[in-house]
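Structure at a glance
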Amino acid sequence: MNNIVAIVGRPNVGKSTLFNRLIQRREAIVDSVSGVTRDRNYGKSEWNGKEFSVIDTGGYIKGSDDVFEGEIRKQVELAIDEADVIIFVVDVEEGITPMDETVAKLLRKVTKPVLLAVNKVDNAMREKDAVEFYNLGLGDYFTFASISGSGTGELLDTLIESFPIKPEPTKEELELPRFAVVGRPNAGKSSFINALIGKDRFMVTDIAGTTRDAIDTKFDRFGFEFNLVDTAGIRRKAKVKEDLEFYSVMRSVRAIEHADVCILVIDATRGFEGQDQSIFWLAEKNRKGIVILVNKWDLIEKDTMSTRDYEAKIRQELQPFTDVPILFVSALTKQRLLKALEATVQVHENRSQRIPTSKFNDHMLKIIEHMPPPALKGKYVKIKYCMQLPTPTPQFVFFANLPQYVKEPYKRFLENKIRENWDFSGVPIDIYIREK
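The sections below set out a description of the structure shown in this document. Values in this document were obtained by computation on a predicted structure and should not be read as measured data.

Description of the sheet that holds strand β14 (residues 383-388)
Consider a sheet: its strands pair through backbone hydrogen bonds, and that pairing is either parallel or antiparallel. Strands sit in the order β14-β15-β16 across an open sheet of 3 strands; the sheet is mixed. The strands lining the two open edges of the sheet, one partner per strand, are β14 and β16 (430-435). With direction set aside, neighbouring strand axes in the sheet form an average angle of 20°. Pairing of strand β15 (residues 395-400) with β16 involves 6 bridges; the strand directions are parallel. Residue Gln 395 lies in a different strand from β16, and its bridge partner there is Asp 430. Packed onto the sheet, helix α12 (residues 357-370) meets β14 and β15 and runs at close to 140° relative to β14. In this fold helix α13 (residues 408-421) packs onto β14, β15 and β16, with an angle of close to 120° to the strand it touches most, β16.

Shown next, in the form of structure tokens:
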């Protein structure tokens, strides 16, 4: 399970520049999500072999100067609540501002590691100017320049040393699949979970799933057994009136990190909105299984085309990853809840399946022979061998004489042919072309 790092601070200190630098450090591990709220604010990074998720709390502030402070307070409090390590970015050019002091006051109260990062320090004179940041009462600081990248190495070394040591999951936790119920606020996540658990609470045992307040509910009914991770119930803080979009993304990041399959609950009366799509792509980029449940279907006036039209609209928004189960349910009337469970268990099985190499070669090489990769610059690409990699999620490698000439459209063609022959519904697939 990855650690979560939140970058906090007032506007215009360089949080987003640092964020971009972290997620683009190595092209292979860039995993920023398009469409998460209005700004790209979530990504995955890696340093010295340790992967972690990064959240940029910038870009949410609207309104006048008076609103700024209140909004920043909400963002920082939520980041403190959800992240494992916090990077507090300040600007050496402007020195300590009243807004910096407000954020520092909040951060001094927390027990989690806080790294004070002084940005725009690109010469010896500014190195001396940075000394004043000791006055924030957060101890030692790190100087860096987010535009050039100087100083970020030392910051990252300390960052990964600051990650908490997480307890090893028990044998039972490893064996049982984890299904996370995610979605925007008020979509009906709690109602869905309550409808599943029902009144037979003696069949439910609470297992502390993480070092945080997230609780896994062990579900054992109707012949199914799994751990249910509930984002609706993860540590509500009454005093934090969170920005709804930021709130749902932060909570979903934590739940998605811990899950095998994500059950995305959307509100039928509102449609498949931007925030639903954001959470969908979070799960897809994390290579988790996904099932979409259109809840409150009992409130929709239907004609013979309603379900088909509604599903078609959702699939249009999901392109190019459209091979996802979509079910229309009602937590209130318990309509099709059992079908939703069956679909989720099936997606988990799809994600775990392994195709024998000989069988995979027999099928795929015939298709490739009939439809080889297009020639480029008069050079012909030949693929002679392929296999599924022994990874936790479905990944396939095709060995070619000229892998650099195999472009994305052909990779999508290969993925579609795999999906046609084997059931990978609800599961993201990775295709790699390597030199033989």
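Notes on the environment of Glu 46
Within the secondary structure, Glu 46 sits in strand β2 (residues 42-47). Along the chain, Glu 46 and Ile 23 lie 23 residues apart, while their C-alpha atoms are 8.0 Å from each other. Within the structure, the side chain of Glu 46 is placed 3.4 Å from the backbone nitrogen of Gly 49, a separation counted as a polar contact.

Side note on unusual backbone geometry
Put simply, Gln 319 and Pro 320 share a cis peptide bond, and its omega is 5°. For Asn 48, which is not glycine, the phi torsion reads 50° and is therefore positive. Mapped onto the secondary structure, Asn 48 falls in the loop between β2 and β3 (50-56). Overall, the relative accessible area of 58% leaves Asn 48 in the exposed class. Phi angles above zero are rare outside glycine, and Lys 334 is one such case at about 60°. With respect to the secondary-structure elements, Lys 334 resides in the loop between β13 (326-328) and α11 (337-352).

Criteria and cut-off values
Residues numbered from 1 in each chain as written. Predicted model: local features only at pLDDT ≥ 70, side-chain atom pairs only at ≥ 80, totals over all residues. Heavy atoms only, no water. Pairing = 2+ DSSP bridges. Helix = DSSP H or I, 4+ residues; strand = E, 2+ residues; numbered from the N terminus. Axes fitted to C-alpha atoms, helices over the stretch in contact; angles between N-to-C directions. Contact = heavy atoms within 4.5 Å. Polar contact = N/O pair within 3.5 Å; in protein donor to acceptor, adjacent residues only side chain to side chain. Buried < 20%, exposed > 50% of the residue type's maximum accessible area, 1.4 Å probe, protein only.

Everything listed here is a matter of coordinates, which is why it stays silent on function.
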